[in-house]
Amino acid sequence: MGSGVSVCMRKWNQWIVVVIVFLLCMFIGGNFFLVSYLPVSQERQYRVEVGRLAREIEEGGLDQVHLSKCSYVTHIQRRDGGDAAFFDANSDYVIRVINGEMYRFDYVLRPAEERYNIVIAVNVVFVGLSFLLLAIMLYIREKILKPFFQLRDIPYELSKGNLTVPLKENKNRYFGRFVWGVDLLRETLEQRRQRELELHREKKTLVLSISHDIKTPLSAIKLYARALSRGLYEESGRAAEIAGCIEAKTSEIERFVSQIIQASNEGFLDIRVETGEFYLSELVDSVEVYYKEKLAIARISFSVGDYEDCILKGDRERAAEVIQNTMENAIKYGDGGSIEIVFSEEEDCRLVTVRNSGCTLPAGELPHIFDSFWRGSNTGSHPGSGLGLYICRQIMHKMDGEIFAQMEGGCMCMTAVFRKVG
């Protein structure tokens, strides 16, 4: 993982160098262009001013001209006769003939400091933007790319079963919660693995213990059967007594077998429920948003009945899992006509019923639909494990609720009973 991170960081560093070189080229080229352009620009500007003033003199005379708005022309003088001082000036000037008379336009160019203020301002802005761009790139490198490449191999390690190494706490604003979540996932997986190992160890110990206990009644049955086969008990009363002993030992073996079956069924699913409170509207909204579009695509009529919002007891995520499971059963085993969610109250409970049209389950099989690994005769080619409704019942029991099914007028109704708070 370290080598991958270093390679990616080197590539990003190369991009930073490329950007720096590009910015330097832009800086040098831009300054060369600005320094070369400014003098030409000022010469053109003062010529534009002289031309404009000449037109004003031609149209309205010298008295109508005002130099307050001029940036370069500082004085205008008309030649009177043979005045030799007309050509003697302490500043740069140009001569123009207007309406048959000569006019001298004195002008000045901006001092060098003034002319290069634009260059300085442009350079300051350019340098500021350059530093900002480099700071952003370094920030991305340190706060996003580097943490990401440090974390990218974690899912792979988890998939291999490497669950023992804790993740270093990270307060990064982008990946801190992700790291926390992955570490929580790692701890959960590790706890489940430890729990599975403990259950496996306990079941193995139980099976070995019961297997050892079974040997005793089996040996007795074997002995009694051998004695009977050899006719050692000629008296009918004695033979009946031995038959009773065999029956008792058989019942004992059946008890041991029942314990093995019960131990095999217990704990094969680790269903955890967080005890809390949630609004009924939160549960209904999460289900309605998901299935409204899905059932519309499948062209199945879907409706949610009116209800009065209240606070329910339990785990909202698990409660949504129960309703979603019943919805999936309605979609899978209904006739595709309609599915609706209706609500009712009973004492301190709120009942949420998922009703679908077209019930194809035989009435005699209804009591078994919540059994583990049981699948009805109406499942056909639909895939499944027979655990969905069993898990729903376990969840509801852990939330101090219940779930039951009934048939009404050719419709299947699955009702989840939630406890209300207060």
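These remarks concern the structure in this document. (Residues numbered from 1 in each chain as written. Predicted model: local features only at pLDDT ≥ 70, side-chain atom pairs only at ≥ 80, totals over all residues. Heavy atoms only, no water.)

Focus on the overall build of the protein
Counting secondary structure elements, the protein contains nine helices and 10 strands. Burial analysis of the protein (422 residues in total) assigns 31% to the buried set. Across the protein, every contact between residues at least 6 apart in sequence was considered, and the portion connecting residues at least 24 apart equals 66%. Split by element, the accessible area of the protein, about 26,700 Å² in all, is 56% carbon and sulfur. (Helix = DSSP H or I, 4+ residues; strand = E, 2+ residues; numbered from the N terminus. Buried < 20%, exposed > 50% of the residue type's maximum accessible area, 1.4 Å probe, protein only. Contact = heavy atoms within 4.5 Å. Areas by Shrake-Rupley, 256 points an atom, 1.4 Å probe, with all protein chains shown as cover.)

Concerning helix H7 (residues 280-297)
Between the first and last C-alpha of H7 there are 26 Å, a value that for 18 residues agrees with the 26 Å anticipated at 1.5 Å per step. The complete set of buried residues in H7 reads Leu280, Ser281, Leu283, Val284, Val287, Tyr291 and Leu295. Count one or two residues on from H7 and you reach Arg299, which has phi positive near 60°. (Expected span 1.5 Å × (residues − 1).)

Examining the sheet that holds strand E7 (residues 338-346)
By definition, the strands of a sheet pair up through backbone hydrogen bonds, in either a parallel or an antiparallel sense. On the basis of which strands lie adjacent, the open sheet formed by five strands has the order E5-E7-E8-E10-E9 and mixed pairing. The open sheet has two free edges, formed respectively by strand E5 (301-304) and strand E9 (402-408), since each of these has just one partner strand. The sheet shows a mean angle of 20° between the axes of neighbouring strands, direction not considered. Direction of pairing for E7 relative to strand E8 (residues 349-357): antiparallel, over a ladder of eight bridges. When the sheet's bridge partners are listed, Glu346 is paired in E8 with Cys349. Across the sheet, H7 is in contact with E5, E7, E8 and strand E10 (411-419); its angle to E5 comes to roughly 165°. The strands touched by helix H9 (residues 388-398) are E9 and E10; relative to E9, the strand with the most contacts, the crossing angle is about 130°. (Pairing = 2+ DSSP bridges. Axes fitted to C-alpha atoms, helices over the stretch in contact; angles between N-to-C directions.)

Structural notes on the pairing of E8
Burial within E8 is extensive, with eight of its nine residues counted as buried. Taking the residues between adjacent antiparallel strands as the criterion, E7 and E8 are bridged by two residues, where Glu347 takes a positive phi near 55°. Alignment of E8 against E10, held across nine bridges, turns out to be antiparallel. Bridge assignment links Ser357 to a residue of E10, and that residue is Cys411.

Side note on the packing of helix H8 (residues 316-333) against H9
One way to put it is that H8 packs onto H9 with a least axis distance of 10 Å and a crossing angle of 150°. Relative to H9, the element H8 is oriented roughly antiparallel. Between H8 and H9 the crossing geometry is left-handed. For the pair formed by H8 and H9, the contact residues are Arg318, Glu321, Val322, Asn325 and Asn329 on the first element and Gly388, Leu389, Ile391, Cys392, Ile395 and Met396 on the second. Here the residues of the contact of H8 with H9 are counted per class, giving six nonpolar, three polar and two charged. (Parallel < 35°, antiparallel > 145°, perpendicular 65-115°, else oblique. Left-handed = near helix turned anticlockwise from the far one by under 90°. Nonpolar A, V, L, I, M, F, W, Y, C, P; charged D, E, K, R; others polar.)

Some thoughts on a nonpolar patch on the surface
A contiguous nonpolar surface patch, about 380 Å² in accessible area, is contributed by Phe27, Ile28, Val127 and Phe131. Contributions of two or more residues to the nonpolar patch are made by helix H1 (2-60) and helix H3 (117-151). In this fold, Phe131 is placed in helix H3. (Patch = residues over 30% accessible without salt bridge, like charges linked within 9 Å, V, L, I, M, F, W, Y side chains within 5 Å. Salt bridge = Lys/Arg side-chain N within 4 Å of Asp/Glu carboxyl O.)

Structural notes on H8
With 18 residues, H8 extends 26 Å between its outermost C-alpha atoms, agreeing within 8% with the 26 Å of an ideal straight helix rising 1.5 Å per residue. Inspection of H8 places Arg318, Ala319, Ala320, Val322, Ile323, Asn325, Thr326, Met327, Asn329, Ala330 and Tyr333 among the buried residues, and these make up the whole buried set. Taking the backbone nitrogen of Glu317 as reference, a side-chain oxygen 3.0 Å away marks Asp315 as the first, capping residue of H8. (Polar contact = N/O pair within 3.5 Å; in protein donor to acceptor, adjacent residues only side chain to side chain.)

Here we look at a negative patch on the surface
Taken together, the side chains of Glu282, Asp285, Glu308 and Asp309 present a region of like negative charge at the surface. Exposure remark for Asp285: the relative accessible area of 40% places this residue in the partly exposed category. (Lys, Arg positive; Asp, Glu negative; His and termini not counted. Charge placed at Lys NZ, Arg CZ, Asp CG, Glu CD.)

Some words on the packing of H7 against H8
At a minimum axis distance of 9 Å, the contact between H7 and H8 shows a crossing angle of 30°. As judged from the angle between their axes, H7 and H8 are roughly parallel. In this structure, H7 crosses over H8, and the sense of that crossing is right-handed. Residues Glu282, Leu283, Ser286, Val287, Tyr290, Tyr291, Lys294 and Leu295 of H7 form the contact with H8, whose own contacting residues are Arg316, Ala319, Ala320, Ile323, Gln324, Met327, Glu328 and Ile331. For the contact of H7 with H8, the class distribution of residues is 10 nonpolar, two polar and four charged.

Considering the environment of Ile323
Tracing the backbone through its elements, the reader meets Ile323 in helix H8. A C-alpha to C-alpha distance of 7.7 Å links Ile323 and Val354, two positions 31 residues apart in sequence. Beyond its immediate stretch of four places on either side in the chain, Ile323 contacts Leu283, Val287, Val352, Val354, Ala416 and Phe418.

Here's the deal with the nonpolar core
In this structure, Leu283, Ile323, Met327 and Phe418 are the most contacted members of the largest nonpolar core, which totals 41 residues. For this core, the secondary-structure elements that each account for two or more residues are H7, H8, E7, E8, H9, E9 and E10. Once you skip the residues sitting within four places of it in the chain, Met327 turns out to touch Val287, Tyr291, Leu295, Phe302, Ile339, Ile341 and Val354. Formed by 15 residues, the second largest nonpolar core is a distinct cluster that contains Tyr46, Val65, Cys70 and Tyr103. (Core = buried A, V, L, I, M, F, W, Y, C linked by side-chain atoms within 4.5 Å.)

Here we look at the pattern of salt bridges
A side chain with one charge may pair with a side chain of the opposite charge, provided their charged atoms come close. Enumeration according to the criterion identifies 13 salt bridges in this entry. Among the charged side chains, a salt-bridge network with shared partners connects Lys313, Asp348, Asp400 and Arg419.

Structural notes on the sheet that holds strand E2 (residues 92-98)
The strand order E1-E3-E2 describes an open sheet built from three strands, whose pairing is antiparallel. The two strands at the open ends of the sheet, each matched to only one other strand, are strand E1 (73-78) and E2. Along the sheet, successive strands turn relative to each other by an average axial angle of 25°, direction set aside. Where E2 meets strand E3 (residues 101-107), seven bridges bridge the pair, whose relative direction is antiparallel. Bridge pairing in E3 places Asp92 opposite Tyr107.

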